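Below are the chains, spelled out letter by letter.
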Amino acid sequence: TSMRPLNDRSAPPPGMGLSSLFRSKARRLLAATLCLLSLAWQLHAQATSREEEIQQQRIDKRARLWPERPFLKQGDLLLTNRELNERVNRAANVLLARGVRQGDRVATVMANCSAFIELYFACAKIGAIACALNWRLADPELAHCIRLVAPALVVVSPRFASALERIDHCVSRVLPLGDPYELALSAAAATEPECDVDPEDGLLILYTSGTTGLPK
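Caption draft 1: Broad picture of the pattern of salt bridges. Inspection of every chain in the model, using the stated rule, returns eight salt bridges. Put simply, Glu86 and Arg90 hold a salt bridge, and the shortest N to O gap is 3.6 Å. One end of the pair, Glu86, and the other, Arg90, are both in helix H3 (residues 81-97), four residues apart, so they sit about a helical turn from each other. We note a salt bridge from Lys125 to Glu192, for which the minimum N-O separation is 3.0 Å. With Lys125 in helix H4 (residues 114-126) and Glu192 in the loop between helix H7 (179-187) and strand S7 (204-205), this pair connects stretches of sequence that are 67 residues apart. With relative accessibility at 14%, the residue Lys125 sits in the buried group.

In structure tokens form, the structure reads like this:
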């Protein structure tokens, strides 16, 4: 008689030859491989479905599929998918004309408004990064946040223009909202900007509250 340790699972059980053992292991490996392939296919199908869902949410895609559906309402302003996409394209071309390139930051000093949505999507279309600044910050904090990201352009609403003028933000290009912004959009092309954008490009920079120091 032969003896083997009780925990030696590699040895074949009594009465089982090596050929039978190999066939059994081969079947188990085949079953495991098929399970992995099935799981990989399910994950791929889910990822593809998610990618299609994301594509459906793109503003340019929405403008093509549902051009007259409302997208944005602010007070008396109502923009459809088509109208918003056109303004976003104009804003993107304005940014490009002012020297904003892929990876550059665009700082915004404004309260919640439709212009921020336009600039946010415009940054997405050209690979730039929107920096949403907190307009409630004190002057030294606001200056710190602007210098921290070194934006290529600052877009500011008339309400906070004086705060921007008081601080040393070291940014040479400033675009005020209101008439200057609307005139720039009206002069820009409404066509899609010609940019090679990577899906992994950064899009948005947010800051900590700075309760224990300066915002980060």
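Caption draft 2: How the structure looks around the pairing of strand S2 (residues 77-80). Sheet topology places strand S1 (residues 70-74) next to S2; four bridges connect them, and they run antiparallel. Residue pairing across strands places Leu72 opposite Leu79, the latter belonging to S2. Connecting S1 to the next strand, S2, in antiparallel fashion are two residues, including Gly75 with a positive phi near 60°.

The rules behind each value
- Every chain begins its residue count from 1, and numbering advances along the sequence as written.
- Local features are withheld for residues below a pLDDT of 70 in this predicted model, meaning they are given only at 70 or higher, and side-chain atom pairs are given and counted only at 80 or more; totals for whole chains, interfaces and linings count all residues.
- To get the side-chain values, all heavy atoms of the structure are used, and hydrogens and water are removed first.
- Here, a salt bridge means any Lys or Arg side-chain nitrogen found within 4 Å of an Asp or Glu carboxyl oxygen.
- What counts as a helix is a DSSP run of H or I of at least four residues, what counts as a strand is a run of E of at least two, and both are numbered from the N terminus.
- Remark: exposure states derive from per-residue accessible area (1.4 Å probe, protein chains only) relative to the maximum for the residue type, with buried under 20%, exposed over 50%, and partly exposed in between.
- Whether two strands pair comes down to DSSP finding at least two bridges between them.

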